[in-house]
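Okay, here's what each chain looks like letter by letter:
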Amino acid sequence: MIVAAEDTSYQILSRECQKESEYLSFWFREQMKDINFAIQLESDQQLSSDSLIRVMDLIEDCRRISLVGPDGVILADTSGETGKVVDLPEGMPTERGVLRTNSANSLLVMMPAAAEQGNIICAEYDVNKIKLSTARDDVNSVFDNKLRGQSKWTYSFGYNPRNPELSKIKFYVLGDCEQGAVALNKLTNSNSFSGQVSSRVMSWLQDRGTGTETYADGDCQIIAAYRWLPDLEQLLVAEMNRNDVLSGIFAQWGSMVFLLLLVMVLISVPMSTFVTRKLTNPLYQLIEEAQKIADGDFGYQIKVDSGLEVGVLTRAFNEMSLRLKDFYEKLVLQIEILEEQKNEIKKRNQTLEVFRAQLEEKNARLQEIAYYDDLTGVMNRRSFLSSACEMFIEAQNLRLPIAAVMIDVDHFKKFNDNYGHNCGDLVLSDLADLLQAAVRKGDLVGRFGGDEFALILQNTELEGALAIARRVQEATHKYSFEHPCEASEPSELRVSAGVCVWQPGHVQGDVDKNLRVLLQKADEALLEAKRQGRDKIVACQAGLHFL
């Protein structure tokens, strides 16, 4: 029972450690993405303390951002502490960020500044704001299923199982450049966590591996699971006191002793009765003769002179031997037939495999034709509306804003009339490339019909949607669209855009209807941009008049 309890605790800690490592990696990637996006909004000017303050306002739970030069000097800081020197990690990556602990209650996300050659962005987060995903009910169910599902009647006599308390599981991270560790969860009392760890834990950090182990920490035995996070260069540790795991195992010893004595009495009584009947010798003889049948001598007849039960058993073995011989002969014949059928099936399977590969190739091509627009390579109207509906459902459930942008080419008819339809097709294809380059990963781009395109932007407020629309407009101003015609000069392209944002506070209802209303409002804003003289961007709120 002790081994079972410890084994279950190892499984609980390993699973929770893996789950929290995935969550921590996800959290780190999301912070990197948020920092990059926020800094891009300030990319038109050199980063300063004021611009870093605006960046920090866009990042959730961030309490300080610094711009550090290659020599470790703080160039700009949201707290105004410029000119100080900070320790940078050796071999700081030039294309990705790293995670570092800063104190007993803070984490640093350090990443190269894309617009500042050689400089580094350092974002500091309060570790108490990181919400771990460990759930008490989940841990209890694993413990119950592992221990209470085995021989429940035995445990009811001598074992009073006790689930490990979730509040006693401690999570913390540590890395090569830190003086101590940082506690990750609110369940760990931050005031009592010193940040100092055992030398045994430090050896795990040097090995950079994953596993479970019990080690001594002073007078206490600690059960722990650890996992190295290569992307973050950190070691995540989950541990709890062994005494908390084994509580209740040594209860009710008197009941166990009584149960053991009762079992010994019940076993000894039938054994003594069996011996007194003097069946040992005939049974040994029967076993020796039956072994010949077991070795493959089917049809062999056992000769054992005995009455009563042993004689009946002997006749049964002899009859079984004859049946086995007949069955074996039939089985050999069936195996030969099955081997021939197997070879025939193998040939047919090879032919079917060729047909299947050809069918999969054709299906993949049909799916691509049904999903993407042939000319521009973006989603066609049907697949765009289907994906937009799924994104709208997610936005409603998470109560996040979602934006729609309708974009139309100004005076598109002149390209077809003046230069031919081939030139018009090239313009639409190039414009689709610019739209895909302007949006973020996860946003939708689709051809809505003719020269009209639609964008769906997830988790985007009005200002963000307008920024993307302006980015598209500026790109068309700078880009020269070549066309295969007699004209020697490249044609200029101008677009108009309509923007509309759905807010989570709006009335919930039918998703298809809400999506149609959102796209309709964006399209009305696009028409207003056309009426205002084209090459314009007009925005409106869903359900409201034009801004």
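Because the structure is a prediction, the values reported are computed rather than measured. (Residues numbered from 1 in each chain as written. Predicted model: local features only at pLDDT ≥ 70, side-chain atom pairs only at ≥ 80, totals over all residues. Heavy atoms only, no water.)

Q: What exactly am I supposed to notice about the overall build of the chain here?
A: Along the backbone of the chain there are 14 helices and 15 strands. Across the 547 residues that make up the chain, the buried fraction comes to 40%. Taking all contacts inside the chain whose residues are at least 6 apart in sequence as the whole, residues at least 24 apart take part in 60%. About 31300 Å² of surface is accessible on the chain, with carbon and sulfur atoms providing 52% of the total. (Helix = DSSP H or I, 4+ residues; strand = E, 2+ residues; numbered from the N terminus. Buried < 20%, exposed > 50% of the residue type's maximum accessible area, 1.4 Å probe, protein only. Contact = heavy atoms within 4.5 Å. Areas by Shrake-Rupley, 256 points an atom, 1.4 Å probe, with all protein chains shown as cover.)

Q: Would you explain the packing of aromatic side chains in this entry?
A: Think of a pair of aromatic rings as described by two things: how far the centres are apart, and how the planes are tilted against each other in angle. For the coordinates displayed, the defined rule picks out seven aromatic pairs. Aromatic pair tyrosine 371 and tyrosine 372: ring centres 4.8 Å apart, planes at 75°, arrangement edge-to-face. Seen from their ring centres, phenylalanine 412 and phenylalanine 415 are 6.2 Å apart, and the 40° between their planes marks the pair as tilted. There is no split in this pair, since phenylalanine 412 and phenylalanine 415 are both buried. Taken together, the ring pairs in this structure connect Trp204, Tyr215 and Tyr226 into an aromatic cluster. A cation sits over an aromatic face here: lysine 414 above phenylalanine 415, 5.4 Å from the ring centre. (Phe/Tyr/Trp six-rings, centres within 6.5 Å; stacked < 30°, edge-to-face > 60°. Lys NZ or Arg CZ within 6 Å of the ring centre and 35° of its normal.)

Q: Mind showing me how you'd approach the packing of helix H10 (residues 381-398) against helix H14 (residues 511-531) here?
A: Packed helix pairs are characterised by how far apart their axes lie and by the angle those axes make with each other. One can describe the packing of H10 onto H14 by two numbers: an axis separation of 10 Å at closest approach and a directional angle of 105°. Judged on the interaxial angle alone, H14 and H10 are roughly perpendicular. Of H14, the residues touching H10 (which contributes Leu385, Ala388, Cys389, Phe392, Ile393 and Gln396) are Val511, Asp512, Asn514, Leu515, Leu518 and Leu519. Grouping the amino acids of the contact of H10 with H14 by side-chain chemistry returns nine nonpolar, two polar and one charged. (Axes fitted to C-alpha atoms, helices over the stretch in contact; angles between N-to-C directions. Parallel < 35°, antiparallel > 145°, perpendicular 65-115°, else oblique. Nonpolar A, V, L, I, M, F, W, Y, C, P; charged D, E, K, R; others polar.)

Q: Help me understand the environment of alanine 76 in this model?
A: Relative to the helices and strands, alanine 76 is located in strand E2 (residues 74-77). The exposure class of alanine 76 is buried, given its relative accessible area of 1%. Residues alanine 76 and serine 51, spaced 25 residues apart in sequence, show a C-alpha to C-alpha distance of 9.2 Å. Once you skip the residues sitting within four places of it in the chain, alanine 76 turns out to touch Leu47, Ser48, Ser49, Leu52, Ile65, Ser66, Leu67 and Thr82.

Q: Help me understand the packing of helix H12 (residues 421-438) against helix H13 (residues 462-478) in this model?
A: At their nearest, the axes of H12 and H13 sit 10 Å apart, and the two run at 140° to each other. Comparing their axes, H13 and H12 come out oblique. The two elements H12 and H13 meet at a crossing, and its hand is right-handed. Contact residues: H12 offers Leu431, Leu434, Leu435 and Ala438, while H13 offers Ile468, Arg471, Val472, Ala475 and Thr476. Of the residues contributing to the contact of H12 with H13, the split by class is seven nonpolar, one polar and one charged. (Left-handed = near helix turned anticlockwise from the far one by under 90°.)

Q: Before we go on, may I ask you to explain the side chain of serine 383 in this structure?
A: By the element assignment, serine 383 lies in helix H10. Within polar-contact distance, the side chain of serine 383 engages the backbone oxygen of tyrosine 371 at 2.6 Å. (Polar contact = N/O pair within 3.5 Å; in protein donor to acceptor, adjacent residues only side chain to side chain.)

Q: Just checking my understanding: could you explain the confidence of the model for the chain for this structure?
A: This prediction gives the chain a mean pLDDT of 78; 76% of its residues lie at or above 70. In the model, residues 133-162 has pLDDT below 50 throughout and makes 62 contacts with residues more than four positions away in sequence or in other chains. Contacts for the low-pLDDT stretch residues 542-547, under 50 throughout, to residues beyond four places or in other chains number 19 contacts. (pLDDT = per-residue confidence, 0-100.)

Q: Is there a simple way to think about H13 in this case?
A: Counting along an α-helix, one turn takes 3.6 residues, and residues three or four places apart therefore face a common direction. The end-to-end C-alpha separation of H13 is 24 Å, in line with the 24 Å expected for 17 residues at 1.5 Å each. Among all positions in H13, only Leu462, Ala465, Leu466, Ile468, Ala469, Val472, Gln473 and Thr476 are buried. Taken around the axis of H13, the buried residues stretch over an arc of 160°, which confines them to a single face. Facing away from the buried side of H13, by more than 90 degrees, are the exposed residues Glu463 and Lys478. (Expected span 1.5 Å × (residues − 1). Arc of directions from axis to C-beta.)

Q: I tried to follow a nonpolar patch on the surface on my own but got confused; where do I start?
A: Taken together, the side chains of Val257, Leu260, Leu261 and Met264 present a nonpolar region at the surface, about 400 Å² in accessible area. Tracing the chain through its elements places valine 257 in helix H7 (residues 253-276). (Patch = residues over 30% accessible without salt bridge, like charges linked within 9 Å, V, L, I, M, F, W, Y side chains within 5 Å. Salt bridge = Lys/Arg side-chain N within 4 Å of Asp/Glu carboxyl O.)

Q: Got a minute to help me understand the pattern of salt bridges in this structure?
A: Oppositely charged side chains may form a pair once their charged atoms are brought near each other. Applying the stated rule across the entire model yields 20 salt bridges. Here glutamate 213 and arginine 200 are joined by a salt bridge, their closest N and O atoms 2.6 Å apart. Pair noted here: glutamate 213 is in strand E8 (residues 210-217) and arginine 200 is in helix H5 (residues 199-207), with a separation of 13 residues, a long-range link. With a shortest N-O distance of 3.5 Å, glutamate 344 and arginine 348 are connected by a salt bridge. Taken together, the positions of glutamate 344 and arginine 348, both in helix H9 (residues 308-371) and four residues apart, correspond to about one turn of that helix. Taking the relative accessible area as the measure of exposure, arginine 348 reaches 54% and is therefore exposed. Each of Arg64, Asp77, Glu81 and Lys84 takes part in one network of salt bridges that share partners.

Q: Mind showing me how you'd approach H5 here?
A: Inspection of H5 places Val201, Trp204 and Leu205 among the buried residues, and these make up the whole buried set. All buried residues of H5 lie within an arc of 100° about the axis, which places them on one face of the element. Exposed side of H5, more than 90 degrees from the buried face: Ser199, Gln206 and Asp207 are the residues found there. On its buried face, H5 is in contact with strand E6 (170-174), E8, strand E9 (220-229) and strand E10 (234-241).

Q: So what exactly am I meant to see when it comes to the nonpolar core here?
A: Looking at soluble globular proteins, one finds that nonpolar side chains tend to be buried together. Within the largest apolar cluster, 39 residues are counted, with the highest numbers of intra-cluster contacts made by Trp27, Ile35, Ile65, Val109 and Ile121. Among the secondary structure elements, those contributing two or more residues to this core are helix H1 (2-40), helix H2 (49-57), strand E1 (62-68), strand E4 (106-112), strand E5 (120-126), E6, E9 and E10. The residues touching tryptophan 27, leaving out its near neighbours within four places in the chain, are Leu99, Leu107, Val109, Tyr125 and Ile130. Counting residues in hydrophobic clusters, the runner-up holds 31 residues, among them Ala432, Phe453, Leu466 and Val499. (Core = buried A, V, L, I, M, F, W, Y, C linked by side-chain atoms within 4.5 Å.)

Q: Explain the pairing of E10 here, please?
A: Walk down a regular strand and you will see the side chains alternate between the two sheet faces. Within E10, eight of the eight residues are buried, which leaves the element mostly enclosed by the surrounding structure. Here E10 shows no split at all, with Gln234, Leu236, Ala238 and Met240 on one side and Leu235, Val237, Glu239 and Asn241 on the other all buried. The pairing of E6 with E10 spans five bridges and is antiparallel. Across the sheet, residue tyrosine 172 finds its bridge partner in E10, namely valine 237. With eight bridges joining them, E9 and E10 adopt antiparallel strand pairing. Within E10, the position partnered with leucine 229 by the bridge is glutamine 234. (Pairing = 2+ DSSP bridges.)

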